[in-house]
Number of protein chains: 4
Amino acid sequence: MIGKAFKVSIFGESHGTCVGALIEGCPPGLRVDEELLCAELRRRRPGSALTSPRREEDEPVIMSGVFRGRSTGAPILIIIYNRDRDSSFYEAIKDTPRPSHADYVARVKYWGMNDYRGGGIFSGRLTAALVAAGAVAKELLGKHGVRVYSYVVKVGDVEASVKPRDSPEFREAIDASPVKCPDPRASELMEGLVRRVSEEGDSVGGVVETVVFNAPVGLGSPPADTLDGDIAKAVFAVPGVKGVEFGAGFRMAGMRGSEANDPLVIHDGEVVTETNNSGGINGGLSNGAPIVFRVAFRPTPTIRKPQRTVNLATMQPAVIEGWGRHDPCIAIRAAPAVEAVTALVLADHLLRWYSWEGMRSRILG
Amino acid sequence: MIGKAFKVSIFGESHGTCVGALIEGCPPGLRVDEELLCAELRRRRPGSALTSPRREEDEPVIMSGVFRGRSTGAPILIIIYNRDRDSSFYEAIKDTPRPSHADYVARVKYWGMNDYRGGGIFSGRLTAALVAAGAVAKELLGKHGVRVYSYVVKVGDVEASVKPRDSPEFREAIDASPVKCPDPRASELMEGLVRRVSEEGDSVGGVVETVVFNAPVGLGSPPADTLDGDIAKAVFAVPGVKGVEFGAGFRMAGMRGSEANDPLVIHDGEVVTETNNSGGINGGLSNGAPIVFRVAFRPTPTIRKPQRTVNLATMQPAVIEGWGRHDPCIAIRAAPAVEAVTALVLADHLLRWYSWEGMRSRILG
Amino acid sequence: MIGKAFKVSIFGESHGTCVGALIEGCPPGLRVDEELLCAELRRRRPGSALTSPRREEDEPVIMSGVFRGRSTGAPILIIIYNRDRDSSFYEAIKDTPRPSHADYVARVKYWGMNDYRGGGIFSGRLTAALVAAGAVAKELLGKHGVRVYSYVVKVGDVEASVKPRDSPEFREAIDASPVKCPDPRASELMEGLVRRVSEEGDSVGGVVETVVFNAPVGLGSPPADTLDGDIAKAVFAVPGVKGVEFGAGFRMAGMRGSEANDPLVIHDGEVVTETNNSGGINGGLSNGAPIVFRVAFRPTPTIRKPQRTVNLATMQPAVIEGWGRHDPCIAIRAAPAVEAVTALVLADHLLRWYSWEGMRSRILG
Amino acid sequence: MIGKAFKVSIFGESHGTCVGALIEGCPPGLRVDEELLCAELRRRRPGSALTSPRREEDEPVIMSGVFRGRSTGAPILIIIYNRDRDSSFYEAIKDTPRPSHADYVARVKYWGMNDYRGGGIFSGRLTAALVAAGAVAKELLGKHGVRVYSYVVKVGDVEASVKPRDSPEFREAIDASPVKCPDPRASELMEGLVRRVSEEGDSVGGVVETVVFNAPVGLGSPPADTLDGDIAKAVFAVPGVKGVEFGAGFRMAGMRGSEANDPLVIHDGEVVTETNNSGGINGGLSNGAPIVFRVAFRPTPTIRKPQRTVNLATMQPAVIEGWGRHDPCIAIRAAPAVEAVTALVLADHLLRWYSWEGMRSRILG
């Protein structure tokens, strides 16, 4: 479960009946309807040459917690049926786990009882559930003016140069790119690279950057539930994540304090930081600057090239190759999922923030 | 709170009465005594030129949950009193928040009621509490043969070359280095760098690497409580963390699947991975290989050089300089804290793992 | 959410699309199929003159977490569609809250956004979700030999005399009674009373007793998560509960210690209690004796007789009468729900118990 | 842990160093000092003939989370040292568990590692920790005008007649009674009964009633975290509780709906219930009427009369008698503890309530 006040549980399997999310703790009165969810789900939809040929319609169905298009305050269940699922391939390889996928660990963890078809619960398909739940979180955040944008800044050796802005144009620039990269030149190069890699039967890694605008100062509940810690944990719910860094991140390790520190200055009568090496978070609390972090994605473990593995039935070495449909660069389709989990974490901390703020005048008198 | 089965809450302030930890859910029968805790606490003790001149004796006192040197199964309260605390300086600067420290956000979040002395709850002093609790977690892990090592692999531009091994010698190599770096050549260079930076009144960042040996396959509770996600969240409880990456981490973003994937092979009759780019975790579950991750630390925000800030009482620009005692490189003293929180997360997941494993034969029949 | 290791969330509304449950943390390998769930759901099905004329087919659909008839270890989503829902009546009375129902509080709590039809989330209909989840919990408990029986021991002024036994015959005696009372004489009297009350357009209260056989000594996690406390909380998830008591319960208040205490004796080489005034729990832990508790149910608040209320649109006094379908005695249909939530709590504590027990030999050496 | 927003963990043993509480999530700015805590602790202090001769000074020490007499928003650690602890008796009886005490279950649960002296964590002594934490919760509740009163309404066969009022006089009437019963006539009879029972070397049960005034409509988070369910669970953290009932409680089981239902009427322009058989809660939510519930306490299991038990070292029948200091009627000293845990639960739900209420105008626009 993600969150303690705005709580989200996801469920489902790649080749089972459905994937989906249960949201508990969402306040009443928010617009929640299928159209809203569809708009978000479209942003992760595959179909182009760059992503999996699997056809996913992703029509979410709201099963509870919504009445006449508004959240009621009750648990919201969202289901997205799996329509296009061909499992025959997975039967063939069920004893030969795909390297760096969860096949082997899942088999051990779940005593061989797991639904191995298409990776079961470990499939990227479950990010559809995160995205649907994230759509509700974004509605909530919008009431406070908080907005979240995730986009690709690196694929393989192609790096983009992005200046995030809180504007509809920035959103459009992300969505217009087939690789979710708002830098048009880098987008084109990334597209070419992904195509090439795909033709080689290989895959490639990438980096997704996220920026959150307009979060109030003080989101986070240290010492245990830091805002950066909660974001970091949540992004690991997206398959393929291997790292996360805030602000200057790992570059900070090579810096001096005198260059890394963000001076405090007054701007329009408000205290702000002049630079944002901290990525908008100090001491586990949002500091009023945009929250900025990057997430590293591994190359899709599924590739068409031959790979060495073990046949678990015979305990003999085996070679697996040439299977299935897959995205050559999971970072691309994962960008909306990162945006979604970020929204989930922020919605949770915003509600927690209000639990104190609501009493403020009564306590301070 | 860190953990759901082995649960740890920390408390205390830098210049208050104490810091400490409350451990709930620890099984009975483990050796827990002050000597054990002291041994761990000594590993984070400052004193040399490389770390803060503040003298910390760090004598932990076990207040509950232990009877005749063994855990009882009841909540374990550990307290470490603050002995050496000179708060006069902090009174002087209480209205001028230190850049990139939590001073400003804490003041806003806590409506000006926070204990600002020495950073209050945001002080690195609280890592003593984590280390003490970690000592108990390590006792538990030891019963399953699981061992955790954290060490410094980078300070500023000095990078070490470390081949972690599960051995007393490796532990000694870490502890023998004044910068917690088991590569002697790098250790010397790091030591020189930290000294130079300190003399300049500046600070420098670093990277701490952690390796966990002998964790069983299948630790982790996806979809929500992935092992990597829980580790990532926990490390952000250590002040100054700006990033975390597993295995090849951010380098993965530049790799192809065919080079990043870890082939499965049979070794001594067991399925193992030939390489470990995944860092011992797939699909949020431990895969049997050593768990490896790196944590990026910012340079200590406290420096002696002049810095621009704002006087919050007058809302005028201000300059702050020359204050206080501090470690020029927090990564060094943080290494034992990273080791500790890693142990906490693993102890938690080990207990959760047993909650199923214990029933396995009854269920499978 | 009920539980920390075996976790159950329920959702849905009386007149919405469905009700259902999400189970997280269920170990792999358990038989879980629709037939199993149906068998339990049939036990709460209305239809006779004694319960609501609403026709509920209660066909559960397993949406995730089950593969080839066995639990996989992944989240299990169970949905029960609402088929027979006539909401017209509720539109008519939407501004005139039914006394002692949740209509008024729900309207205030949820800012008027709640789905008021048929009581929305407050409907007894949600107990179907609890019963379905309970069926899975009972499968788990069965692997350890733990069995749970709930039955009616009082309706109005009719009290039954029941000697619970851990046997198929006892189960049959419960199920054979239209009022879920295994005492045939009392069952008949209760049936007559309920019929009379129903004809009068009134309703009547009752008491459900539960007994758990074969729980191991030591279930419970004091100080916070006592077994009796967790059971007590869980039963309040069943609508209409107004009290719960263990063992001699409220009668204890009038007793002396010398008569209330349960002497410890040796029986077949085991330590057991001679009497069971404690109801199988001491200090929040199961003590090896059968766990026995009783739950008081209010009369169904929905009655056909005229009642005074307020028209919230006009803020004028109003009279409401004669509405809808209802069970004249909710205790009867609630018995399987109490059995289900008891099973949920015990399954949770059994898994938690194994998290220590599994390590026992490793710790004690 | 009690609570999800206002979170309280208790720790300590009867004959260990201390008992105490850790409070997490308390907002800043509340008055919290030792004097405040002492005032509450005095209300549970023994000393008279009616309670244990053990001398407890109960001087609480605030170790963290408070700065200049105000809560800071950081975790608050409160410790109450054990001063007067004579454990010699407990060594003598360590292998002969006291009937209906937790001695036997604790020994099994904790593999013989538990601190058995004075009952260890199962001692009534831990209610001091609850009372201290409750004092902080009451400060918070007071800011919203919510007040909680607990008092004894029954001891053995003596029943009081109490009309609770929200006034200082009512508080004084409770505190003035040596048996915490505001009905002077019943108080005297109870006092006599307890004295008699004590002289006989026996003990007696009792009932504590609690009333909460001025809680806003809508506290509670159904379906899982009902307000009555959370209160019910929390009271079982107080040793000796065997039952809890709200409003008319178990009497409801014998009532008709037409007499049990609380009509809604308009009073001073507000919707209120004319009667309060529901005890202020419907559907798991506070309904605006006073919240009223009763808690049944068993007779103190510790008595001086001879009792049969088992010697666990020899596995032979044994007789135990004449031990130790004890309260002949735990209900009396437990009354302040019930008041405290009620305050903890309400403070938690009040903060959770504000997490939505604070956003209300932003959502509804």
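The structure under discussion appears in the preceding block.
Predicted model, so just to flag it, every value in this text is computed and none were measured.

Below, the discussion takes up the overall build of chain A. Of the regular secondary structure elements, chain A holds 10 helices and 17 strands. Principal-axis analysis of the C-alpha atoms gives chain A an extent of 70 × 50 × 35 Å. Expressed as a percentage of the 365 residues in chain A, the buried residues total 68%. Considering only contacts within chain A whose residues lie at least 6 apart along the sequence, 73% involve residues at least 24 apart.

Here we take up the interface of chain C and chain D. Listed per partner, the contact involves 87 residues of chain C and 87 residues of chain D. Class assignment for the residues of the side of chain C that touches chain D results in 47 nonpolar, 25 polar and 15 charged. Judged from the three bridges that link them, strand β10 (residues 241-246) of chain C and strand β10 (residues 241-246) of chain D form a sheet pairing that is antiparallel. Residue pairing for β10(D): G243(C) is matched across the bridge by E245(D).

Turning to the relation of the copies chain A and chain B, a few remarks are in order. For these two chains of identical sequence, chain A goes onto chain B by a turn of 180° and a shift of 0.0 Å along the axis, with RMSD 0.0 Å. What the superposition gives is, in effect, a two-fold axis relating one chain to the other. With an isologous cut-off of 70% or more, the 100% of interface residues of chain A that recur at the interface of chain B puts this contact in the isologous class.

Quick look at the sheet that holds strand β7 (residues 147-155) of chain D now. Reading across from one edge, β8(C)-β7(C)-β9(C)-β15(C)-β10(C)-β10(D)-β15(D)-β9(D)-β7(D)-β8(D) is the order of the 10 strands in this open sheet, with antiparallel pairing throughout. If you trace the sheet from one side to the other, it starts and ends with β8 (158-159) of chain C together with β8 (158-159) of chain D, each paired once. In this structure, β7(D) lies alongside strand β9 (residues 206-213) of chain D, joined through eight bridges in antiparallel fashion. Residue V148(D) lies in a different strand from β9(D), and its bridge partner there is V212(D). Sheet strands touched by helix α7 (residues 227-235) of chain D: β10 of chain C together with β10 and β15 (291-297) of chain D. Its angle to β10(D), the strand with the most contacts, is close to 160°.

Residues and elements named next belong to chain C. Counting buried residues in strand β1 (residues 7-12) gives six out of six residues, a clear majority hidden from the surface. Note that β1 and strand β2 (residues 18-24) share six bridges and pair antiparallel. Within the sheet, the bridge partner assigned to S9 lies in β2 and is L22. What sits between the antiparallel neighbours β1 and β2 is a turn of five residues.

Residue and element names in this part refer to chain C. Running from N to C, helix α4 (residues 127-142) and helix α9 (residues 330-357) cross one another at 45°; their axes reach a closest spacing of 7 Å. One finds that α4 runs oblique with respect to α9. Here α4 runs over α9; the crossing is left-handed. For the pair α4 and α9, contact is made by T127, L130, V131, A133, G134, A137, K138, L140 and L141 and by A334, P336, A337, E339, A340, V341, A343, L344, L346, A347 and L350, respectively. Grouping the amino acids of the contact of α4 with α9 by side-chain chemistry returns 16 nonpolar, two polar and two charged.

Superposition record for chain C on chain D: RMSD 0.0 Å, screw rotation 180°, translation along axis 0.0 Å. Most of the interface of chain C is mirrored in chain D: 100% of its interface residues are interface residues there too.

Let's shift gears to the packing of helix α1 (residues 34-42) of chain B against helix α4 (residues 127-142) of chain B. Residues and elements named next belong to chain B. At a closest axis distance of 9 Å, the pairing of α1 and α4 adopts a crossing angle of 125°. By the criterion of interaxial angle, the relationship of α1 to α4 is oblique. The element α1 and its partner α4 pack so that their crossing is right-handed. Here L36, L37, E40 and L41 of α1 come into contact with α4, specifically with A128, V131, A132, G134, A135 and E139. Looking at side-chain class alone, the contact of α1 with α4 contains seven nonpolar, one polar and two charged residues.

For the bond from P222(A) to P223(A), the omega torsion is 5°, close enough to zero to count as cis. Backbone geometry places S100(A), a non-glycine residue, at a positive phi of 65°. Mapped onto the elements, S100(A) comes out in the loop between α2 (88-92) and α3 (103-109). On the basis of neighbour count, S100(A) is assigned to the buried category, with 29 C-beta atoms found within 10 Å. We note that R68(B) has phi near 55°; this positive angle belongs to a residue other than glycine. A residue is classified by how many C-beta atoms lie within 10 Å of it, and R68(B), with 8 of them, is exposed.

Attention now goes to the interface of chain A and chain B. Contact residues are listed per partner, giving 87 residues for chain A and 87 residues for chain B. Counted by class, the side of chain A that touches chain B contains 47 nonpolar, 25 polar and 15 charged residues.

Turning to helix α6 (residues 184-199) of chain A, a few remarks are in order. Residue and element names in this part refer to chain A. Its 16 residues give α6 an end-to-end C-alpha distance of 23 Å, which sits within 8% of 22 Å, the value for a rise of 1.5 Å per residue. Taken together, the buried positions of α6 are occupied by A186, S187, M190, E191, L193, V194, V197 and S198. For α6, the secondary structure elements touched by its buried residues are β7 (147-155) and β8 (158-159). The positive-phi residue at the C-terminal boundary of α6 is G201, with phi of around 75°.

Turning our attention to the sheet that holds strand β3 (residues 60-64) of chain D. Residue and element names in this part refer to chain D. With respect to topology, four strands assemble into an open sheet ordered β1-β2-β6-β3, the strand pairing being antiparallel. The sheet is open, and its two edges are formed by β1 (7-12) and β3, each paired on a single side. Within this sheet the neighbouring strands show an average axis-to-axis angle of 20°, counted without direction. Strands in contact with helix α1 (residues 34-42) are β3 and β6 (76-81); relative to β3, the strand with the most contacts, it is inclined by about 140°.

Further remarks concern the environment of T210(C). Tracing the chain through its elements places T210(C) in strand β9 (residues 206-213). If sequence neighbours within four positions are ignored, T210(C) has contacts with V148(C), Y149(C), S150(C), F293(C), V338(C), E339(C) and T342(C).

Residues and elements named next belong to chain C. Most of strand β6 (residues 76-81) sits inside the fold, with five of its six residues counted as buried. Where β2 meets β6, six bridges bridge the pair, whose relative direction is antiparallel. Residue pairing for β6: C18 is matched across the bridge by Y81. As paired elements, strand β3 (residues 60-64) and β6 share four bridges and run antiparallel to each other. Within β6, the position partnered with V61 by the bridge is I79.

Among the secondary structure elements, L189(A) is positioned in helix α6. Looking at L189(A), the number of C-beta atoms within 10 Å reads 19, which means it is partly exposed.

A few words on the environment of I320(A). Following the sequence through the fold, I320(A) ends up in strand β17 (residues 316-320). Distance from I320(A) to P97(A), taken between C-alpha atoms, is 8.6 Å for residues 223 residues apart in sequence.

Rules of the game
Residues numbered from 1 in each chain as written. Chains lettered and ligands numbered in written order. Predicted model: local features only at pLDDT ≥ 70, side-chain atom pairs only at ≥ 80, totals over all residues. Helix = DSSP H or I, 4+ residues; strand = E, 2+ residues; numbered from the N terminus. Buried ≥ 20, exposed ≤ 12 C-beta atoms within 10 Å, placed from the backbone. Contact = placed C-beta atoms within 7 Å. Nonpolar A, V, L, I, M, F, W, Y, C, P; charged D, E, K, R; others polar. Pairing = 2+ DSSP bridges. Least-squares fit on C-alpha atoms with pLDDT ≥ 70 in both. Axes fitted to C-alpha atoms, helices over the stretch in contact; angles between N-to-C directions. Parallel < 35°, antiparallel > 145°, perpendicular 65-115°, else oblique. Left-handed = near helix turned anticlockwise from the far one by under 90°. Expected span 1.5 Å × (residues − 1).

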